[in-house]
Amino acid sequence: MNGVPEIFTWRSLPMLLLTLIALVMGSFVGCREATPVVVPGAAEGVTTVSTDASDSAKPAAAKPRRVRSAKYLQHLSQYALFDGPLADLRPASGTMPYDVNTPLFSDYAAKHRLIRMPEGTAANYQPEHVFDFPVGTVIAKTFYYPHDRNDPARGRRLIETRILLHQPSGWVGLPYLWDDAQQDATLSLTGGAVEVQWKHEDGKDRTNTHLVPNFNDCKRCHENQRFEPIGPKAGNLNREFDYVDGRENQLERWSRLGLLDGLPPAAQRTRFAVWDDESTGDLNARARAWLDVNCAHCHSAIGPARNSGLHLHVDVDEPYRLGVFKTPVAAGRGTGGRLYDIVPGQPDASILMHRLETDHVGEMMPEIGRSLVDQEGVALIRQWITELDQPQDAPTANVAPGI
C-alpha cells in the first residue's frame, strides 16, 4: 500500500493481532503486586516491601512498606553499648574499649573505639591480619572533635558513630549521625556532611566539612575478598591501655578475660610503631606503620588496588613492590607528571608524595575518608623517602618532576 510502512501490510495483520493478544495476556500473568512484609526487629513504623512472587498471595492489607534501614537498629542507644548519658561514651558491662598504635587519618577527627563479643565467645589471634571475630560481634567507632586539641577539658562535639556488625551472612557497616543536642545518634545509610570547627595544636582555629560515609562507601575500604574490619589486628592492638582498674597490655587483657584465643608469647607478637612517637620505632618502622594503616587496606595483595602492583602492607619488603622505581599502572593525572611511585632521595619526584599532598578529588589518596591533607603524616613519609637508599640497579634517566 502506498504511503504505509511494510510492517502494516494486510499480510502481516494476523501476526500483529497475535502479538497484541499476547501482550494483553502477559500483562495479567506477569503483573504482581509489590507485597509488603514486616522486617523482624524493625523499629515501629519502619517496614519493608517484597516483590517476591511467592508473597503475592498474602493479604496486602497486613503488609506495610519497605525501607532498607528497617533491617538495622535506628538509634545508637539501642545497642546498649554505653552506660549513663550516651555522650559520655562510658563503656557498658560486657564491652571493651580499645585503642590502636597508629590510626587512620580522618581529617583530624579523634576517635573512641569499643568492641563487644557475644558472651562466652572469643576472637582468634592472627599474626598479620585482622582477628577472626565471632558472629554477633559489634565494633563501635565514634568520631568527634575536641573544641581545643591542646585542652581536652574544654569538651568535644560528637559527630558520628560507625558500627560494624558481624552477622551470620558477614560483616556490615552502619553510620549513625549524632544530633545537635548530643543525646543520641540516628542511622543514616545515606551518610552526611557536618560542618565542624576546632582549635588546632598550633593554636589556630580550623574548620572543615566532615563527610560521613554512606552504606556503600563502607565497602570501598572494608571489602577485600570479603567485608571485614581494618584496625583491630595484632600489630595495632599490641599496646598498653589505661583501663578503669589500671594500665594493661590490650592483647594480654583480652586473652586473660577469655576474649582472645591463640595469643602467642610476647616475643612472637607483632607490634606496630606509633607513627608520631620516636620511642616506639625508627623512621622506617613509623613510616611503614603509617602506610599500612592509611593505604594497605586497598594497596595489598588482596585489596581493591591489588592490580596496581603497589603493596604497602607493613610486612612487604620488596622495594619494587613498595613502589621504588615502579611505574604506575593507570594513575592518569594522579601521577602529578612524575614517573615513579617512589624515587629514593627525591620525594618531589615521587608519585606517592603527590597523592598524599593533594586534596584534589581523583588524585588524592586515600580516595575517600579525608578531604584535608595530613600534614604531619605527609612530613613523616617525605622524610622516609628522602632517607631511602638508592638501589644498585636504579635508573640513570632524569626522574625530576614534570617529566
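Note that this is a predicted model, so its numbers are computed, not measured.

K.L.:
Mind showing me how you'd approach helix α5 (residues 283-295) here?
P.N.:
Because each turn of an α-helix spans 3.6 residues, side chains separated by three or four positions in sequence point in the same direction. Here α5 spans 18 Å end to end across 13 residues, near enough to the 18 Å set by a 1.5 Å rise per residue. Counting buried residues along α5, 11 of its 13 residues qualify, which places the element largely inside the surrounding structure. Considered for burial, the residues of α5 that qualify are Leu283, Arg286, Ala287, Arg288, Ala289, Trp290, Leu291, Asp292, Val293, Asn294 and Cys295. With a side-chain oxygen positioned 3.3 Å from the backbone nitrogen of Asn284, the residue opening α5 is Asp282.

K.L.:
Just to check I follow, could you spell out the packing of aromatic side chains for this structure?
P.N.:
Centre-to-centre distance and the angle between the planes together describe a pair of aromatic rings. The final tally for this structure, using the stated rule, is 11 aromatic pairs. Their ring planes at 85 degrees and their centres at 5.7 Å tell us that Tyr79 and Tyr176 sit as a pair that is edge-to-face. Remark: Tyr176 occurs in strand β10 (residues 170-178) and Tyr79 occurs in the loop between β2 (48-50) and β3 (82-83); sequence separation between them is 97 residues. Judged by its relative accessible area of 5%, Tyr79 is buried. Residue class for Tyr176 comes out buried when judged on its relative accessible area of 0%. With 4.7 Å between their ring centres and 50 degrees between their planes, Phe241 and Tyr243 make a pair best called tilted.

K.L.:
Can you help me understand the environment of Gly94 in this one?
P.N.:
Tracing the sequence through the fold places Gly94 in the loop between β4 (90-91) and β5 (96-98). On the basis of relative accessibility, which here comes to 56%, the residue Gly94 falls in the exposed class. In the structure, Gly94 is positioned 23 residues away from Met117 in sequence and 7.8 Å away in space, judged by C-alpha atoms. Apart from the residues within four sequence positions on either side, Gly94 is in contact with Ile115 and Arg116.

K.L.:
I would appreciate a short explanation of the pattern of salt bridges in the present structure.
P.N.:
A side chain with one charge can pair with a side chain of the opposite charge if their charged atoms come near. Counting across every chain of the model gives 16 salt bridges. The closest approach of N and O atoms between Arg154 and Asp148, which form a salt bridge, is 3.3 Å. Assessed through its relative accessible area of 46%, Arg154 is described here as partly exposed. Take Asp148: its relative accessible area is 8%, and that puts it in the buried class. Several salt bridges share partner residues, and in doing so they unite Asp245, Glu248, Arg253 and Arg256 into one network.

K.L.:
Explain the sheet that holds β10 here, please?
P.N.:
Sheets are built from strands paired through backbone hydrogen bonds, the pairs being either parallel or antiparallel. Across the sheet, which stays open at both edges, the six strands sit in the order β5-β6-β8-β9-β10-β11 with antiparallel pairing between neighbours. Edge positions in the open sheet fall to β5 and β11 (185-187), since each of these has one partner strand only. With strand direction ignored, the average angle separating the axes of adjacent strands in the sheet is 25 degrees. Pairing geometry for β10 and β11, over three bridges, is antiparallel. Bridge assignment links Tyr176 to a residue of β11, and that residue is Leu187.

K.L.:
Whenever I open this one, unusual backbone geometry confuses me. Can you help?
P.N.:
Among all residues save glycine, negative phi is the norm, and among peptide bonds the norm is trans. Between Met365 and Pro366 the backbone carries a cis peptide bond, its omega angle lying at -5 degrees. For Pro366, the position within the fold is in the loop between α7 (351-357) and α8 (375-387). One non-glycine residue, Phe325, adopts positive backbone phi at about 55 degrees. Along the chain, Phe325 turns up in the loop between α6 (319-322) and α7.

K.L.:
Help me understand the packing of α5 against α8, please; the structure alone is not making it clear to me.
P.N.:
Packing of α5 against α8 brings their axes to within 9 Å, and their N-to-C directions diverge by 130 degrees. When the axis of α5 is compared with that of α8, the two are oblique. Read as a crossing pair, α5 and α8 show a hand that is left-handed. For the pair α5 and α8, the contacting residues are Leu283, Asn284, Arg286, Ala287, Arg288, Trp290 and Leu291 in the first and Gly377, Leu380, Ile381, Gln383, Trp384 and Glu387 in the second.

K.L.:
What should I look at first to understand the nonpolar core in this one?
P.N.:
A general tendency of soluble globular proteins is for nonpolar side chains to be buried together. Counting residues in hydrophobic clusters, the biggest one holds 26 residues, and the most contacted among them are Trp290, Leu291, Leu352, Ile381, Trp384 and Ile385. Looking at this core, the elements that each hand over two or more residues are α5, α7 and α8. The residues touching Ile385, leaving out its near neighbours within four places in the chain, are Ile342, Val343, Pro344, Gly345, Gln346, Pro347, Ser350, Leu352 and Met353.

The rules behind these values
Residues numbered from 1 in each chain as written. Predicted model: local features only at pLDDT ≥ 70, side-chain atom pairs only at ≥ 80, totals over all residues. Heavy atoms only, no water. Helix = DSSP H or I, 4+ residues; strand = E, 2+ residues; numbered from the N terminus. Expected span 1.5 Å × (residues − 1). Buried < 20%, exposed > 50% of the residue type's maximum accessible area, 1.4 Å probe, protein only. Polar contact = N/O pair within 3.5 Å; in protein donor to acceptor, adjacent residues only side chain to side chain. Phe/Tyr/Trp six-rings, centres within 6.5 Å; stacked < 30°, edge-to-face > 60°. Contact = heavy atoms within 4.5 Å. Salt bridge = Lys/Arg side-chain N within 4 Å of Asp/Glu carboxyl O. Pairing = 2+ DSSP bridges. Axes fitted to C-alpha atoms, helices over the stretch in contact; angles between N-to-C directions. Parallel < 35°, antiparallel > 145°, perpendicular 65-115°, else oblique. Left-handed = near helix turned anticlockwise from the far one by under 90°. Core = buried A, V, L, I, M, F, W, Y, C linked by side-chain atoms within 4.5 Å.

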